[in-house]
Amino acid sequence: MSDMTAAPSPFSPADRPQLGLRERKKIKTREAIRTSMYALVKEQGYDATTIEQIAERAEVSPSTVFRYFPTKEDIVLTDEFDPLIKEELHARPADEPWMDTLRYVIHKAVRLGFHDDLDMARLRTHLMVQVPAVRSRMMESMSVTGTMLCEAIGERTGRDPESLEVRVYAMALIGSLMETSLYWAETGYRDDFKDLVERTLDVMEYGLPGGRP
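A. The arrangement of the overall build of the protein in detail. Counting its regular elements, the protein contains 10 helices and 0 strands. Taken from N to C terminus, the helices and strands of the protein fall in the order α-α-α-α-α-α-α-α-α-α. Within the protein, buried positions represent 42% of all 213 residues. Within the protein, counting contacts between residues at least 6 apart in sequence, those at least 24 apart form 67% of the total. As displayed, the protein has an accessible area near 11,800 Å², and 53% of this comes from carbon and sulfur atoms.

B. A look at helix α7 (residues 118-130). Compared with the 18 Å implied by 1.5 Å per residue over 13 residues, the 18 Å span of α7 between its first and last C-alpha is a close match. All of the buried residues along α7 are Met120, Ala121, Leu123, Arg124, Thr125, Leu127 and Met128.

C. Seen up close, the pattern of salt bridges. Counted by the stated rule, this structure contains 10 salt bridges. Measuring nitrogen to oxygen at the nearest pair gives 2.8 Å for the salt bridge that ties Glu96 to Arg92. Across the pair Arg103 and Asp202 runs a salt bridge whose closest N-O atoms are separated by 2.7 Å. Residue Arg103 is found in helix α6 (residues 98-115), and its partner Asp202 is found in helix α10 (residues 193-206); the two are separated by 99 residues along the sequence. On the basis of relative accessibility, which here comes to 12%, the residue Arg103 falls in the buried class.

D. Structural detail: the environment of Leu123. Here Leu123 lies in helix α7. Once the C-alpha coordinates of Leu123 and Ala185 are considered, the two residues, 62 residues apart in sequence, prove to be 8.8 Å apart. Beyond its immediate sequence surroundings of up to four residues, Leu123 is in contact with Tyr38, Val41 and Lys42.

E. Seen up close, the packing of aromatic side chains. Taken as a whole and assessed by the stated rule, the structure comprises 3 aromatic pairs. With a centroid separation of 4.6 Å and an interplanar angle of 85°, the aromatic rings of Trp184 and Tyr189 are classed as edge-to-face. According to the relative accessible area criterion, Trp184 is buried, its value standing at 2%. Members of the aromatic cluster, joined through ring pairs, are Trp184, Tyr189 and Phe193. Against the face of Tyr46 rests Lys72, its NZ or CZ located 4.2 Å from the ring centre. Here the basic side chain of Arg92 rests over the ring of Tyr104, its NZ or CZ set 3.8 Å away from the ring centre.

F. The arrangement of the packing of helix α8 (residues 132-157) against helix α9 (residues 164-186) in detail. Close contact between α8 and α9 brings their axes to 9 Å; oriented N to C, the two are set at 130°. Taken as axis vectors, α8 and α9 run oblique relative to one another. The interaxial crossing formed by α8 with α9 has right-handed handedness. Judged by residue contacts, Met138, Met139, Met142, Ser143, Thr145, Gly146, Leu149, Cys150 and Ile153 of α8 engage Val166, Arg167, Tyr169, Ala170, Met171, Leu173, Ile174, Gly175, Met178 and Leu182 from α9. Of the residues contributing to the contact of α8 with α9, the split by class is 14 nonpolar, 4 polar and 1 charged.

G. Just the packing of α7 against α9, in detail. Contact geometry for α7 and α9: axes closest at 9 Å, N-to-C directions at 100°. For the element pair α7 / α9, the angle class is roughly perpendicular. Between α7 and α9, the residues in contact are Leu118, Ala121, Arg122, Thr125, His126, Met128 and Val129 and Ser181, Leu182, Trp184, Ala185 and Glu186, respectively. The residue inventory of the contact of α7 with α9, partitioned by class, reads 7 nonpolar, 3 polar and 2 charged.

H. Spotlight on unusual backbone geometry. We note that Glu59 has phi near 60°; this positive angle belongs to a residue other than glycine. Along the polypeptide, Glu59 turns up in the loop between α2 (51-58) and α3 (62-68).

I. Quick peek at the environment of Leu173. Topologically, Leu173 is positioned in helix α9. Along the chain, Leu173 and Thr200 lie 27 residues apart, while their C-alpha atoms are 8.9 Å from each other. In this view, Leu173 contacts Leu102, Leu149, Leu201 and Met204; residues no more than four positions away in its chain are not counted.

About the cut-offs
Position numbers for residues start from 1 in each chain and track the written sequence from start to end. Local features are withheld for residues below a pLDDT of 70 in this predicted model, meaning they are given only at 70 or higher, and side-chain atom pairs are given and counted only at 80 or more; totals for whole chains, interfaces and linings count all residues. For side-chain calculations, the full set of non-hydrogen atoms in the structure is used, while hydrogens and water are omitted. Strands are runs of DSSP state E lasting at least two residues, helices are runs of H or I lasting at least four, and both sets are numbered from the N terminus onward. Exposed residues in this analysis have more than 50% of their type's maximum accessible area, buried residues have under 20%, and partly exposed residues fall in between, with area computed by a 1.4 Å probe over protein chains only. Note on contacts: a residue pair qualifies if any of its non-hydrogen atoms lie within 4.5 Å across the two residues. Each accessible area is a Shrake-Rupley estimate made with a 1.4 Å probe; only the visible protein chains count as cover when residues are assessed. By this rule, a helix spans an expected 1.5 Å times one less than how many residues it contains. For salt bridges, the criterion is a side-chain nitrogen of Lys or Arg within 4 Å of an Asp or Glu carboxyl oxygen. Aromatic contacts are taken between Phe, Tyr and Trp rings whose centres are within 6.5 Å, Trp giving its six-membered ring; a plane angle under 30 degrees counts as stacked, one over 60 as edge-to-face, and the others as tilted. As a reminder, the over-ring test applies to NZ of lysine and CZ of arginine, requiring each to be within 6 Å of the ring centre and within 35 degrees of the ring normal. Only the stretch in contact is used when fitting a helix axis, every axis being a line fitted to C-alpha atoms; angles between N-to-C directions are given from 0 to 180 degrees. Working definition: roughly parallel below 35 degrees, roughly antiparallel above 145 degrees, roughly perpendicular at 65 to 115 degrees, and oblique for all remaining angles. For a crossing to be left-handed, the near helix must be turned anticlockwise from the far one by less than a right angle; the clockwise case is right-handed. Just so you know the grouping, Ala, Val, Leu, Ile, Met, Phe, Trp, Tyr, Cys and Pro go in nonpolar, Asp, Glu, Lys and Arg go in charged, and all remaining residues, Gly too, go in polar.

Listed below in structure tokens is the structure:
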């Protein structure tokens, strides 16, 4: 994802055979827009980067950029992994313990997200920490992912996806992963992100170490 000529990841949703040509083209366009924005941000900073510049670099029109991403912040935050996570949750064995399923799916999403370019993952989390507009939009977008996760949990466990318990659990999980990303950036990327995710899931499963706040 670091430049327009980079080969797509072999794990990229754009290359998954079950997707139609039209959907693959849409995903490739989104990837081109994201790649262009990250390249420009690395060159000149977030605030100086405009939608017009992004469109020119991606060889699309500004209206196309806005059609895929309503705001500049959405280019930073939007990815292709929500449908993948939902699909992977469906695919796990029905009798597998829930936390085993969750760990498998979350770790797979992390591997996919980091496969193309670790530098881009670092830049993305850096923007989450440093740019208030990105962080604010991230909070807003959590509700969309939360709805998807509630539905997936409901289908996977037989619980009511609109129940308080499922909604609380889903948003707690999303919030914990968001904080993991922010922590990773705020501490200078000194830890392996996969290890941080494992620690996060341990807290979700067992609570705080020692059993007290």
